[in-house]
Amino acid sequence: MYIFVLVILGLVCWAAGFSILKYLSYIKEEILLTLATSSSEPALPTLMRKMEKLGCSKSLVGLVVPTGYTFNTDGSSMYMTLAALFIAQATNTHLTIGQQFTIFIVAVLTSKGASGVQGAAFIALVGTLTVIPTIPVAGMALLLGIDRFMSMFRALVNMAGNGVATLVVARWEKEIDGKTLARNLASTLPLAAVPEPVKAGQSAS
């Protein structure tokens with residue numbers, strides 16, 4: 001998951017004209033909240049507000065972020081794929097390349113039903129394992145003790161990925177330019193201290 005965030009998402013951010021490290025520093029409060037609750041849902045409101053503060057339109061944020069929370073579950077997809085392969089190795093179950101790709105495809109699909117509920121990815125893993133009957137479902141007991149910690153990080157990847165997706169779409173739609181985005185990401189002002197945009201017909205006072 002570290003490799004996915006720093007390398008894969010890092011390359012996506014670089015292509016869009018901003019730094020993944022500055023982005024992670026900008027959402028550090030949401031990261032801590034997600035790790036503390038093992039769920040990305042509590043960080044949703046402040047993540048959306050921060051995306052708007054960076055220059056993304058409210059309509060774009062309102063579409064991309066909630067949709068991403070349901071369909072863009074990178075962390076859950078990776079966890080379920082690697083967990084299934086781990087159980088297969090731990091139980092000495094041989095898998096062909098075709099079976100491994102089958103697990104990957106099914107994990108991507110079943111992970112969509114694991115959003116919004118803490119620990120739901122662990123339950124959805126059962127559905128992933130059933131596509132390969134040779135993998136014993138009882139092997140999930142090997143993961144039960146560490147699932148709480150894994151839940152923290154898969155929720156973190158889900159949340160971080162949705163923020164990156166919002167900024168990338170905003171750059172595609174030319175709602176914000178690279179220099180402005182980089183300057184806003186470098187801002188150290190707390191969320192409450194950032195002034196609201198002045199609406200037409202209102203004074204800046």
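Keep in mind it's a predicted model, so treat the numbers as computed, not measured. (Residues numbered from 1 in each chain as written. Predicted model: local features only at pLDDT ≥ 70, side-chain atom pairs only at ≥ 80, totals over all residues. Heavy atoms only, no water.)

## Quick notes on the overall build of the chain
Next, step 1: Along the chain, the regular secondary structure elements total 11 helices and 0 strands.
Next, step 2: Scanning the chain from its N terminus toward the C terminus, one meets helices and strands in the order α-α-α-α-α-α-α-α-α-α-α.
Next, step 3: Expressed as a percentage of the 205 residues in the chain, the buried residues total 42%.
Next, step 4: At a minimum sequence separation of 6, the contacts of the chain that also span at least 24 residues come to 74%. (Helix = DSSP H or I, 4+ residues; strand = E, 2+ residues; numbered from the N terminus. Buried < 20%, exposed > 50% of the residue type's maximum accessible area, 1.4 Å probe, protein only. Contact = heavy atoms within 4.5 Å.)

## Let's talk about the confidence of the model for the chain
The predicted structure's coordinates, where accompanied by low pLDDT, should not be read in detail.
Next, step 1: Looking at the chain as a whole, the pLDDT averages 82, with 87% of positions reaching at least 70.
Next, step 2: Considering only residues more than four positions removed or in separate chains, one finds that residues 189-205, a stretch of pLDDT under 50, has 10 contacts. (pLDDT = per-residue confidence, 0-100.)

## Observations concerning the packing of helix α6 (residues 74-90) against helix α10 (residues 147-172)
Next, step 1: Taken N-terminus to C-terminus, the directions of α6 and α10 make an angle of 140°; their axes are 6 Å apart at the nearest point. The orientation of α6 relative to α10 falls into the category oblique. Contacts from Asp 74, Gly 75, Ser 76, Met 78 and Tyr 79 in α6 reach Asp 147, Met 150, Arg 154, Val 157, Asn 158 and Gly 161 in α10.
Next, step 2: Residue composition of the contact of α6 with α10, by class: 4 nonpolar, 4 polar and 3 charged. (Axes fitted to C-alpha atoms, helices over the stretch in contact; angles between N-to-C directions. Parallel < 35°, antiparallel > 145°, perpendicular 65-115°, else oblique. Nonpolar A, V, L, I, M, F, W, Y, C, P; charged D, E, K, R; others polar.)

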